Amino acid sequence: MRLLPRLFDFLAPRTCAACRRDLPLLVAGPLCGDCLALARPETGPRCRRCGVADDSPARLCRRCRSRLFAVDCIRAAFAYRPPVRELLHAFKYRGRLDAGRLLAGWMAGLLSRHPELGRPLAVVCVPLHPGRLRERGFNQAEWLARAVAAAARLPLQEGLRRVKKTRAQWGLSRRERGANLEGAFAWAGARPARRVLLVDDVCTSGSTLEACARALQAAGAEDIRAFVLARD
Ligand SMILES: [Zn+2]
Ligand SMILES: [Zn+2]
């Protein structure tokens, strides 16, 4: 039965997962050469805590200067723009697993460029609500986290749960995002590692990571940093 999807793969039009143009015969995909050339990791001066572009002398953005966070450090492999944004959409919303594999591989390969992420003892992924997981069939953050954990030779620790179905975060102010996620996550099971690397696909305001980190802290984790595929 494994042959059938393979055969279908072969017969289905092969398109670039980002721009959706047909792929030339000899291009393996999931990206065409033009889209592949656009893929560039994040560079430039950043806030040393949250990783947003920041060229202040202290390398600490206004927001990070003004309060304390449960997540000690956030780093993104890429900016949320083409082709990473399109690849992620193809993966999440059109089920292009080849796009997911490419992103996971890229992210895992870029981990070593961010020594500020410290020396975690385990990787934990941001969970989807069970209903959303059933709909989609997979958790994109878990795919990424598995690749990152394998590259860093760390265990992927399970136990973080989304216990409250929340509204979509976009369109909400930063304050509303925080309130929306209040009590959304909880840790269940064996105690989390003392130093945890949280993994998610996209970071916008950082509220989701912060809510996850608070649940991890409540369960006993002490040092929580986060690595995301892309920063919006
Ligand atoms: Zn393309
Ligand atoms: Zn900051």
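Preceding this paragraph is the structure being described.
All of these numbers come straight from a predicted model, not from anything done at the bench.

Examining the overall build of the chain
On a plain count of helices and strands, the chain comes out with nine helices and six strands. With respect to the principal axes defined by its C-alpha atoms, the chain has extents near 55 × 40 × 35 Å. Of all 232 residues assigned to the chain, the portion counted as buried reaches 38%.

What about the pairing of strand E5 (residues 195-203)?
Within E5, eight of the nine residues are buried, which leaves it mostly tucked inside the rest of the structure. In this sheet, E5 lies alongside strand E2 (residues 122-125) in parallel orientation, the contact comprising four bridges. When the bridges of E5 are listed, Val124 appears paired with Leu198. For the crossover from E5 across helix H9 (residues 207-218) to strand E6 (residues 223-231), the handedness is right-handed.

A few points about the sheet that holds E6
Overall, parallel pairing links the four strands, which are arranged E1-E6-E5-E2 in an open sheet. In the strand order of this sheet, the two ends are held by strand E1 (73-79) and E2, each with one partner. Along the sheet, successive strands turn relative to each other by an average axial angle of 25°, direction set aside. Sitting on the sheet, helix H4 (residues 84-94) touches E1, E5 and E6, and the angle it makes with E6 is about 95°.

Quick notes on the environment of Pro41
In this fold, Pro41 is placed in the loop between helix H2 (33-38) and helix H3 (62-66). Pro41 gets classed as partly exposed once you count the C-beta atoms within 10 Å, which come to 15.

Calculation rules
- Residues numbered from 1 in each chain as written.
- Chains lettered and ligands numbered in written order.
- Predicted model: local features only at pLDDT ≥ 70, side-chain atom pairs only at ≥ 80, totals over all residues.
- Helix = DSSP H or I, 4+ residues; strand = E, 2+ residues; numbered from the N terminus.
- Buried ≥ 20, exposed ≤ 12 C-beta atoms within 10 Å, placed from the backbone.
- Pairing = 2+ DSSP bridges.
- Right-handed = clockwise from strand over helix to strand, strands pointing away.
- Axes fitted to C-alpha atoms, helices over the stretch in contact; angles between N-to-C directions.
- Contact = placed C-beta atoms within 7 Å.

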